[in-house]
Amino acid sequence: MSIYCEVIFPLPVFQTFLYRLPEHLEQVVRIGSRVLAPLGPRKLAGYVVEIKKLEREPEFEVKEVDGCEEFVLPEKLIKLATELSRRSLSAPGLFLEMAEPPAVRQKVRMKLAITEKGLTELDSGRIKGRRREILTMLKDRDLSPLYIRRALKIKEISPLVKELAGEGLIVVKEKKIRKKQQTSAVKPHFQQLALPVWPEGMPEPAKKIIEALEKRSGGSFLLTGEFERRLEFLKPVVEFNSSNIGFTLILVPEIQRLERFQRFQKSFPWPAVVWHSQLTGKQKSETWRQLSSGQVRIILGTRAALFLPLEPLSLIIIDEEQDENYYQTEGPSFDVREAASLRALLENGLVIQMSDCPRVSTYFHHQQKATVIDLGKEEVKYTVEFHRQDAVKLLKGNFGQEVARKLEEGEKVFFLVNRKGYAGYVYCPGCGFVARCEKCRIPLKLDMNEGELICDYCGMKNPVPDSCPVCQQKLRPGRGKGSQFLKEQLERLFPGKAVELLEEGAEERDCRKALKRIMAGRSSLVVGTDYALSRLPEKSFSWLVLLSPEFTLNLPDFQAGEKTYSRISRARELLKNDEKSRLVVLTSGPPPEMLTLAVCGDYENFYRREIDYRQLLNYPPFSSLLEIGIEGRSLRSSGRGSRLLLESLHADFPTLELIGPKLTRKKWKKGQREVKLLIRLPAAETEILSYLIEFRQKKPALRLRARIFD
DNA sequence: AGCACGCCGACT
DNA sequence: GTCGGCGTGCTC
């Protein structure tokens with residue numbers, strides 16, 4: 001009787017595939033083995049999740065596994081992927097892919113070449129249209145299909161390639177890029193020190209954590225307070241864990257945040273490594289080798305590091321737990337904080353979350369469990385002032401002269417703005433016409449760098465019309481000025497001073513250059529959006545000007561308050577905390593109390609207000625919300641899908657409270673839109689999740705995404 | 001994801 | 001008529 005195995009492929013599908021194991025692999029393949037198997041016309045690498053015997057042959061034709069690699073994925077990571085898939089409604093294979101060691105994936109480079117027959121046919125003039133264009137391109141040199149596709153703007157190239165190859169007009173040359181380094185089958189492993197290290201002179205809460213680590217009883221703590229104090233507190237804890245218990249993983253929300261840990265990392269006697277998705281193949285292989293050597297005990301990284309096969313992973317530290325980057329929307333969407341807790345649970349490990357402005361729910365839950373450790377913060381020394389005035393008007397008066405004086409003293413000023421581009425819209429002063437996107441119907445944003453009108457929804461770029469299409473008057477930029485406008489005004493008001501603009505869309509290289517100029521003091525005026533917040537060095541500005549920071553407060557989002565607080569909190573980090581420094585807030589109306597609390601870093605009072613509001617409106621943590629994203633192949637199909645889902649939810653869960661639906665846009669996939677539903681969850685979340693999984697099976701063309709707030 | 005199949009409008 | 005676009009369904 002043969003032995004079979006179920007295989008999961010890194011595809012956006014929710015099924016396992018059954019294969020027969022050839023005899024010579026029966027003893028080799030294990031759960032977690034990376035195997036090569038035929039799927040349709042192609043061969044794919046997947047992971048074995050089950051090995052079994054069958055009473056009788058299944059009805060469908062079963063193919064045989066083709067080969068097996070040495071690498072075996074730990075079962076815990078398979079469990080993690082499965083569980084994350086269940087909660088997020090993303091395909092499990094996509095999570096498994098994240099756990100892949102470097103250099104296992106073999107890349108194949110495809111090149112197309114024209115044949116003799118192709119050349120004669122081309123000369124004969126019998127070939128027309130697209131086919132002719134492709135052959136003409138190939139006359140000079142071999143090209144990859146991707147290159148041709150882009151050059152000729154063809155949507156689907158593979159049928160064309162197949163056709164031409166079938167007629168013998170071109171040949172497909174496949175070149176396997178050989179693996180530079182074979183990943184060792186040795187997984188990262190942990191070596192306990194011969195002599196346990198017991199740190200001395202620890203504060204009481206640290207002892208509590210160490211006890212939990214030693215017992216391997218799991219659990220979680222929330223560390224609040226100033227960053228340096230957090231590190232100081234963590235040092236003996238990490239030292240204890242890393243010498244006696246297991247690996248320590250420090251997670252940061254984005255790559256830029258790794259830098260802050262450099263010094264911390266070096267304060268330990270063991271080599272620490274960094275792991276994130278931007279490492280090159282070579283760097284990954286090298287890091288993997290270091291991990292396999294058993295010397296490394298501390299890993300610093302982004303979400304990608306969460307899937308490293310570290311055993312035992314006894315401590316996961318999550319830095320800046322409030323950071324929105326922890327919710328990944330690209331690829332398989334999931335919450336890194338949730339995944340970290342799951343991973344810790346599988347490893348009997350402990351989680352420490354850190355932040356000086358934790359999410360309201362996080363703070364609430366930890367307060368209930370008495371696991372908040374507050375290390376206190378620095379006293380605010382800078383002065384805070386509010387103005388109800390337009391930035392440019394303000395700068396033209398006394399305020400501008402003070403800024404000029406500051407600049408003469410060699411100090412730096414940072415302006416935080418909400419809006420990219422030059423103006424939010426352009427209009428005709430004669431008839432009131434506003435230029436809009438033809439597809440999305442929203443006003444187009446004026447971008448001076450591009451010299452174009454850009455749609456914020458679909459990313460479509462349009463040339464700026466010379467005049468109003470209705471009455472032929474000259475169009476003007478409207479109110480709601482953006483970063484480019486402010487930069488232009490600053491350059492005019494402070495002639496001779498370089499103004500740097502830091503916002504998304506700039507080349508990473510240009511950004512680095514700008515940062516260098518700022519650091520060197522060659523540029524002292526900086527305009528930036530949120531993009532700048534994570535890149536600018538801490539405590540390097542003596543003036544911080546926030547332009548309409550209340551803007552985000554009014555977004556239709558129950559988390560608007562905490563998001564605004566966290567944004568301001570992050571901006572405050574850039575400000576030098578001394579008597580000479582100033583934080584200036586420009587609002588259009590009277591400043592909401594929330595802002596006053598945020599600019600002073602008064603978390604306690606912010607929290608008290610916010611938690612009252614949440615209770616009043618029955619938002620998390622007092623209820624659970626389920627966010628469902630529905631993405632179809634077009635807006636129409638997502639809309640249809642969302643209505644269908646709504647109806648069926650209403651029918652099967654009559655008491656369910658629905659908030660939504662609404663449209664969301666995704667910047668990274670221009671033009672694609674998803675419909676978002678928000679549901680107030682009854683106690684049993686599993687029930688509704690299984691319901692959604694069933695719904696997905698009935699409507700496979702829709703991509704569902706689930707996220708739970710509680 | 002890739003690929004095939006099938007439907008539909010717009011062109012040599 | 002048929003070419004190319006797009007929606008749907010399948011892969012052990």
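Starting afresh in each chain, residues are numbered from 1 along the sequence in its written order. The lettering of chains begins at A and the numbering of ligands begins at 1, in the order of writing. Predicted model: local features are reported for residues with pLDDT of at least 70 only, side-chain atom pairs are reported and counted for 80 or more only, and whole-chain, interface and lining totals are derived from all residues. The basis for every side-chain value is the complete set of heavy atoms in the structure, and neither hydrogens nor water enter the calculation.

**A look at the overall build of chain A**
The condition that has to hold: Counting from the N terminus, the helices are the DSSP runs of H or I reaching at least four residues and the strands are the DSSP runs of E reaching at least two. Throughout, radius of gyration means the C-alpha value; the globule benchmark is 2.2 Å times the number of residues raised to the power 0.38. Three exposure classes are used, based on accessible area relative to the maximum for each residue type with a 1.4 Å probe and protein chains only: buried under 20%, partly exposed in between, and exposed over 50%.
On a plain count of helices and strands, chain A comes out with 23 helices and 32 strands. The C-alpha atoms of chain A give a radius of gyration of 29 Å, which matches the 27 Å a tight globule of 710 residues would have. Taken along its principal axes, the extent of the C-alpha atoms in chain A is 85 × 80 × 60 Å. By the burial criterion, 51% of the 710 residues in chain A qualify as buried.

**Overview of the sheet that holds strand S26 (residues 525-528)**
Heads up, the condition is: For two strands to pair, DSSP has to find at least two bridges joining them. Note on method: axes are straight lines fitted to C-alpha atoms, helices fitted across the in-contact stretch only, with angles between N-to-C directions ranging 0 to 180 degrees. Throughout, a contact is declared for two residues whenever any of their heavy atoms are within 4.5 Å.
Here we have 6 strands laid out as an open sheet, ordered S18-S28-S27-S19-S26-S25, and parallel in their pairing. Looking along the sheet, the strands with just one partner apiece sit at the ends: strand S18 (383-387) and strand S25 (499-502). Taken over all neighbouring pairs, the strand axes of this sheet differ in orientation by 15° on average, direction set aside. As judged from the 4 bridges shared by S25 and S26, these two strands associate in the parallel manner. Within the sheet, the bridge partner assigned to Leu 501 lies in S26 and is Val 527. Its contacts with the sheet put helix H16 (residues 483-493) on strand S19 (413-416), S25, S26 and strand S27 (543-547), and the angle it makes with S25 is roughly 175°. Packing of helix H20 (residues 593-600) onto the sheet brings it into contact with S18, S27 and strand S28 (582-586), and relative to S18 it is tilted by some 155°.

**What about the protein's contact with DNA strand B?**
To keep it simple, the criterion reads: Only heavy atoms are used to decide nearness, and a residue is near a molecule or strand if one of them lies within 4 Å of it. Definition of a polar contact: a pair of N or O atoms within 3.5 Å, with one able to donate and the other able to accept a hydrogen when the atoms are protein atoms, and with sequence-neighbouring residues admitted only if both atoms are side-chain atoms. Residues are sorted three ways: Asp, Glu, Lys and Arg are charged, Ala, Val, Leu, Ile, Met, Phe, Trp, Tyr, Cys and Pro are nonpolar, and all the rest, Gly among them, are polar.
Surveying the vicinity of DNA strand B reveals the residues Leu 11, Pro 12, Val 13, Pro 41, Arg 42, Ser 158, Lys 162 and Arg 703. A distance of 2.5 Å separates a phosphate oxygen of DNA strand B from a polar atom in the side chain of Arg 703. Grouping the amino acids of the surface near DNA strand B by side-chain chemistry returns 4 nonpolar, 1 polar and 3 charged.

**Description of H20**
Taken together, the buried positions of H20 are Met 594, Leu 595, Leu 597, Ala 598 and Val 599. Of the residues one or two after H20, Gly 601 is the one with positive phi, at around 70°.

**Thoughts on the pairing of strand S3 (residues 33-39)**
Counting buried residues in S3 gives 6 out of 7 residues, a clear majority hidden from the surface. Inspection of the sheet shows S3 paired to strand S6 (residues 67-72) by 3 bridges, in the antiparallel sense. Note that in S6 the partner of Leu 36 across the bridge is Gly 67. As paired elements, S3 and strand S4 (residues 42-53) share 6 bridges and run antiparallel to each other. The partner of Arg 34 across the bridge, within S4, is Tyr 47.

**Thoughts on the sheet that holds strand S12 (residues 298-301)**
Two modes of strand pairing occur in sheets, parallel and antiparallel, and in both the strands are linked by backbone hydrogen bonds. Strand order in the open sheet made by the 7 strands is S11-S12-S10-S13-S16-S9-S17, with parallel pairing throughout. The open sheet has two free edges, formed respectively by strand S11 (272-275) and strand S17 (372-374), since each of these has just one partner strand. Going from strand to strand, the sheet's axes swing by 20° on average, the running direction of each strand aside. Bridge count between strand S13 (residues 313-318) and strand S16 (residues 350-355): 4 bridges; the pairing is parallel. The partner of Leu 315 across the bridge, within S16, is Leu 350.

**Let's talk about the domain arrangement of chain A**
Keep this limit in mind: Start and end points for every domain follow an automatic or database-based domain assignment.
When its domains are assigned, chain A resolves into domain 1 (2-105), domain 2 (107-178), domain 3 (204-374), domain 4 (383-421 + 480-610) and domain 5 (625-709). Distance between the C-alpha centres of domain 2 and domain 3: 50 Å.

**Brief notes about the side chain of Ser 523**
Mapping Ser 523 onto the fold places it in the loop between helix H17 (508-519) and S26. Ser 523 gets classed as buried once you look at its relative accessible area, which sits at 1%. At a separation of 2.7 Å, a polar atom in the side chain of Ser 523 contacts the side chain of Glu 500. Ignoring anything within four residues of it in the chain, the contact list for Ser 523 reads Lys 412, Ala 498, Glu 500, Arg 517 and Ile 518.

**Digging into the layout of surface pockets**
One water molecule sets the probe size; rolling that probe over the atoms shows where empty space is left. Rule in force here: Points on a 1 Å grid, built from protein atoms alone, make a cavity when a 1.4 Å probe fits but cannot get out and make a pocket when they are open with protein on both sides within 12 Å along at least 5 of 7 lines; residues with an atom within 4 Å of a point are the lining residues. Grid points are joined across faces, edges and corners, and a volume is the space filled by probe spheres set on the points.
Volume-wise, the second largest pocket comes out at about 920 Å³. Arg 337, Glu 338, Ser 341, Gln 353 and Asp 710 are the residues nearest the centre of the second largest pocket, which is lined by 34 residues in total. For the lining of the second largest pocket, the secondary structure elements donating two or more residues are helix H12 (336-347), S16, helix H13 (360-369) and strand S32 (703-709). It is H12 that contributes the most residues to the lining of the second largest pocket, 6 residues altogether. Classifying every residue of the lining of the second largest pocket by side-chain character gives 8 nonpolar, 13 polar and 13 charged.

**What about empty space enclosed by the protein?**
Inspection of every chain in the model, using the stated rule, returns 4 cavities of 30 Å³ or more. Estimated volume of the largest cavity: approximately 80 Å³. Together, Arg 87, Ser 88, Tyr 327, Ser 333, Phe 334, Asp 335, Glu 338, Ala 706, Arg 707 and Ile 708 line the largest cavity. Residue composition of the lining of the largest cavity, grouped by class: 4 nonpolar, 2 polar and 4 charged. Built from parts of two domains, the lining of the largest cavity gets at least three residues from each of domain 3 (204-374) and domain 5 (625-709). Here the second largest cavity defines a volume of roughly 40 Å³. As for the second largest cavity, its lining consists of Asp 356, Lys 377, Tyr 565, Ser 569, Arg 572 and Gly 601. Residue composition of the lining of the second largest cavity, by class: 1 nonpolar, 2 polar and 3 charged.

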